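Architecture at a glance
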Amino acid sequence: MADGHRLLLENARQVVLVCARGERFLARDALRSLAVLEGASLVVGTDGFIKAIGPADAIQKQFSEETFQERIDCSGKCILPGLVDAHTHPVWAGERVHEFAMKLAGATYMDIHQAGGGINFTVERTRQASEEELFSSFQQRLGCMMRAGTTLVECKSGYGLSLETELKMLRVIERARRELDISISATYCGAHSVPKGKTATEAADDIINNHLPKLKELGRNGEIHVDNIDVFCEKGVFDLDSTRRILQSGKDIGLQINFHGDELHPMKAAELGVELGAQAISHLEEVSDEGIAAMAAARCSAVLLPTTAYMLRLKQPRARKMLDEGVIVALGSDFNPNAYCFAMPMVMHLACVNMRMSMPEALAAATINAAYALGKSHTHGSLEVGKRGDLIIINSSRWEHLIYQFGGHHELIDYVIAKGKVIYKK
C-alpha cells in the first residue's frame, strides 16, 4: 500500500543515533560521546528511509492518525544503526583450516604464502568452483554477517587474479547486490597477489591494460557495478611503484581507492594513499608517524582489522595514536579464509581490548566511519531523518552490551532491519 508508513519502533530505552547533525564521519573530540536518545521512537517510510526520530510521546502524537505496516514495541531495548563492515573477502572456495594449525605451530603468514599456500591455495580452489557454488557459499556467509548485525558490507574480489576468475567473482558480488537485502560495496582486488609465473610489473601491466578497461566497459553497460579498487601493497607482493600505477588507473575509471597498506612491513603505503587521494587504507599495523599525520590531514580513513592482528599475532595497529591525531578510524572484520570472523560486535570488542579504543570510538568506527570509508556515509552509518532505515534492536537497556558481551551478540540481537524491512528476527 502506498499510504501510511513502513515501520514504527516504539518507546526504546535508548536510540543510538551516532550522529545528530549530519556529520559524514566522527573524529577527535566528537568521539567522546555519541548522540543517544532515551525513551524514543523511530519511523521508517515506505521508501525505506527514516522519516522521524524523537521522544516517544511526541512521535505518538505526531503519528496518531497514521497507519504502519509493522509496529515493534522496543520497551527496555536499544536501537542502533545497522553495523558496517568496511573490509571483507567473502567470495571463495576451499577451506584453510589446515593453515590455521600451521600458524598455531609457528609458521608465519609469509612462510605459508611462499610455500604456495595462503592466497595461492584459495585462488586454485576459487578458479575451479562454478559461479553457482561461489554464490551459494557467499550468500550463506552474508546471512551470518547479517544475523550478527551487519547491514552494509564491503566485498572484495581477489581470489581469481586472472581476468576470467576475477570477473566470475565480481558477477557473484553483483548478483548478491541485486538480489539480497544486505547492502554491498563492491571492490575489485585483482592485485591481491602476484600470479604464479609473473613479476609484479607484469601483473600490474595486465591489470592496467586488460582488467580495468574490461571493468570500465561492464560498468558502462550496467552489467557489473564496482565501487572501489584495492591492491595488496606489500614487500614480496606489489611494490610501491606497481601499487601507484594500478591505483591511479583505477581512479581514472572512477573507482574509489581503498587498499591494503603497511601490514607486514613499513612501505610508506599511507603516504602513497594520501598522495593519490585514497578514500581509505586498510591494515596499517606498520604505518609511519608521517603516514598517520598525512592521513589525518587528508581525511583518508584508516580501516583497522583487529581480528587479523589477533589471529596472525601481528603487532596491533596504533589505533590510539591515530585517534589522538584525528584520523578517521573505521573497522572491518577482514572475513577471509585466513581470518574467519563474521561478527562486527566481536571486532568492536577486540578493538576495545587489544587496540585500546573506547566503546563509543568502536561503535562509531563500525557505523558512520566505516560508511565514510566506503563513500556511503551520506546514506548509511547513523540514525538520522533522511538516511536509510538500516538498524538493529538489541534486548538490553544499554547499547554497550553489544560490545561488552564478547560473543553474546546472537542472544542480544532481536531484530535486524534493512530499509525498514525486518530481515532477521530472533
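Residues numbered from 1 in each chain as written. Predicted model: local features only at pLDDT ≥ 70, side-chain atom pairs only at ≥ 80, totals over all residues. Heavy atoms only, no water.

1. Details of the layout of surface pockets
The line we're drawing: Here the term cavity refers to a set of points on a 1 Å grid, laid over the protein atoms alone, in which a 1.4 Å probe fits but cannot get out; the term pocket refers to an open set having protein on both sides within 12 Å along at least five of seven lines, with lining residues being those that place an atom within 4 Å of a point. Grid points are joined across faces, edges and corners, and a volume is the space filled by probe spheres set on the points. Under the DSSP-based scheme used, a helix requires at least four consecutive residues in state H or I and a strand at least two consecutive residues in state E, with every element numbered from the N terminus. Residue polarity is assigned by list, with Asp, Glu, Lys and Arg as charged and Ala, Val, Leu, Ile, Met, Phe, Trp, Tyr, Cys and Pro as nonpolar; anything else, Gly included, falls into the polar class.
Approximately 270 Å³ is the volume found for the largest pocket. The element that contributes the greatest number of residues to the lining of the largest pocket is helix α7 (residues 200-220), accounting for four residues. Looking at side-chain class alone, the lining of the largest pocket contains six nonpolar, six polar and five charged residues.

2. Things to note about the environment of leucine 167
The cut-off we apply is this: Working definition: with a 1.4 Å probe on protein chains only, accessible area under 20% of the residue-type maximum means buried, over 50% means exposed, and in between means partly exposed. Note on contacts: a residue pair is in contact if any heavy atoms of the two residues lie within 4.5 Å.
Tracing the sequence through the fold places leucine 167 in helix α6 (residues 163-179). The buried category is assigned to leucine 167, whose relative accessible area is 9%. Distance from leucine 167 to leucine 412, taken between C-alpha atoms, is 38 Å for residues 245 residues apart in sequence. Apart from the residues within four sequence positions on either side, leucine 167 is in contact with Lys214, Leu215, Leu218 and Ile224.

3. What about the environment of alanine 129?
Along the chain, alanine 129 falls in the loop between α4 (119-128) and α5 (131-147). Classification of alanine 129 as buried rests on a relative accessible area of 9%. Here the alpha-carbon distance between alanine 129 and tryptophan 92, two residues 37 residues apart in the chain, equals 8.4 Å. Among all residues touching alanine 129, those that are not within four sequence positions of it are Ala93, Leu134 and Lys168.

4. Observations regarding the packing of aromatic side chains
Two numbers describe a pair of aromatic rings. These are the distance of the centres and the angle of the planes. What counts is decided by this rule: Each aromatic pair joins two rings of Phe, Tyr and Trp (for Trp, the six-membered one) with centres within 6.5 Å, and gets the label stacked for planes under 30 degrees apart, edge-to-face for over 60, and tilted for any other angle.
Inspection of the entire model under this criterion finds seven aromatic pairs. Ring centres of tryptophan 92 and tyrosine 340 lie 6.2 Å apart, and the angle between their planes is 80 degrees; on these two criteria the pair is classed as edge-to-face. Placement of tryptophan 92 in the loop between β6 (83-85) and α2 (97-104) and of tyrosine 340 in the loop between β13 (329-331) and α13 (344-354) is noted, with a sequence separation of 248 residues between them. Accessibility expressed as a relative area gives 41% for tyrosine 340, which makes it partly exposed. Ring centres of phenylalanine 335 and phenylalanine 342 lie 4.6 Å apart, and the angle between their planes is 20 degrees; this geometry places the pair in the stacked category. In this structure, phenylalanine 335 and phenylalanine 342 share a single accessibility class: buried.

5. A word on α6
Note the threshold: Between the first and last residue of a helix there are one fewer steps than residues, each counted as 1.5 Å, and that sum is the expected span.
For α6, built from 17 residues, the straight-helix expectation of 24 Å at 1.5 Å per residue is met to within 8% by its first-to-last C-alpha distance of 24 Å. Along α6, the residues that are buried comprise Thr165, Glu166, Leu167, Lys168, Met169, Leu170, Val172, Ile173, Glu174 and Ala176. Its buried side turned inward, α6 meets α4, α5, β7 (150-156), β8 (183-191) and α7.

6. Observations regarding empty space enclosed by the protein
Here is the rule: Just so you know, the domain bounds were taken from an automatic or database domain assignment.
The final tally for this structure, using the stated rule, is two cavities of 30 Å³ or more. Taken together, the residues of the lining of the largest cavity sort by class into five nonpolar, seven polar and three charged. The volume enclosed by the second largest cavity comes to roughly 60 Å³. Together, Gly82, Val84, Thr151, Leu152, Thr379, His380, Gly381, Ser382, Arg388 and Asp390 line the second largest cavity. Split by residue class, the lining of the second largest cavity holds two nonpolar, six polar and two charged. The residue makeup of the lining of the second largest cavity includes at least three contributed by each of domain 1 (5-80 + 382-425) and domain 2 (83-374).

7. Considering the domain arrangement of the protein chain
Put simply, the rule is: Accessible area that two parts lose when put together, with a 1.4 Å probe and added across both, is what the buried area reports. Here, a salt bridge means any Lys or Arg side-chain nitrogen found within 4 Å of an Asp or Glu carboxyl oxygen. Polar contact is the term for a pair of N or O atoms within 3.5 Å; when the atoms are in protein, one must be able to donate a hydrogen and the other to accept it, and sequence-neighboring residues count only if both atoms are side-chain atoms.
You can read the domains of the protein chain as domain 1 (5-80 + 382-425) and domain 2 (83-374). Between the C-alpha centres of domain 1 and domain 2 there is a distance of 29 Å. Listed as interface residues are 33 residues of domain 1 and, on the opposing side, 32 residues of domain 2. In total, about 2700 Å² of surface goes out of reach between domain 1 and domain 2, with carbon and sulfur atoms giving 74% of it. Looking at the side of domain 1 facing domain 2, the largest losses of area belong to Phe25, Ile403 and Phe406, adding up to 24% of the total buried there. Applying the counting rule to domain 1 against domain 2 returns one salt bridge. Note that lysine 421 is salt-bridged to aspartate 181, the shortest N-O span being 2.9 Å. There are six residue pairs in polar contact (both at pLDDT 80 or more) connecting domain 1 and domain 2. At the level of elements, β1 (5-18), α16 (401-404), β15 (413-418) and β16 (421-425) are the ones that each hand at least two residues to the side of domain 1 that touches domain 2. Per element, the largest residue contribution to the side of domain 1 that touches domain 2 is four residues, and it comes from β15.

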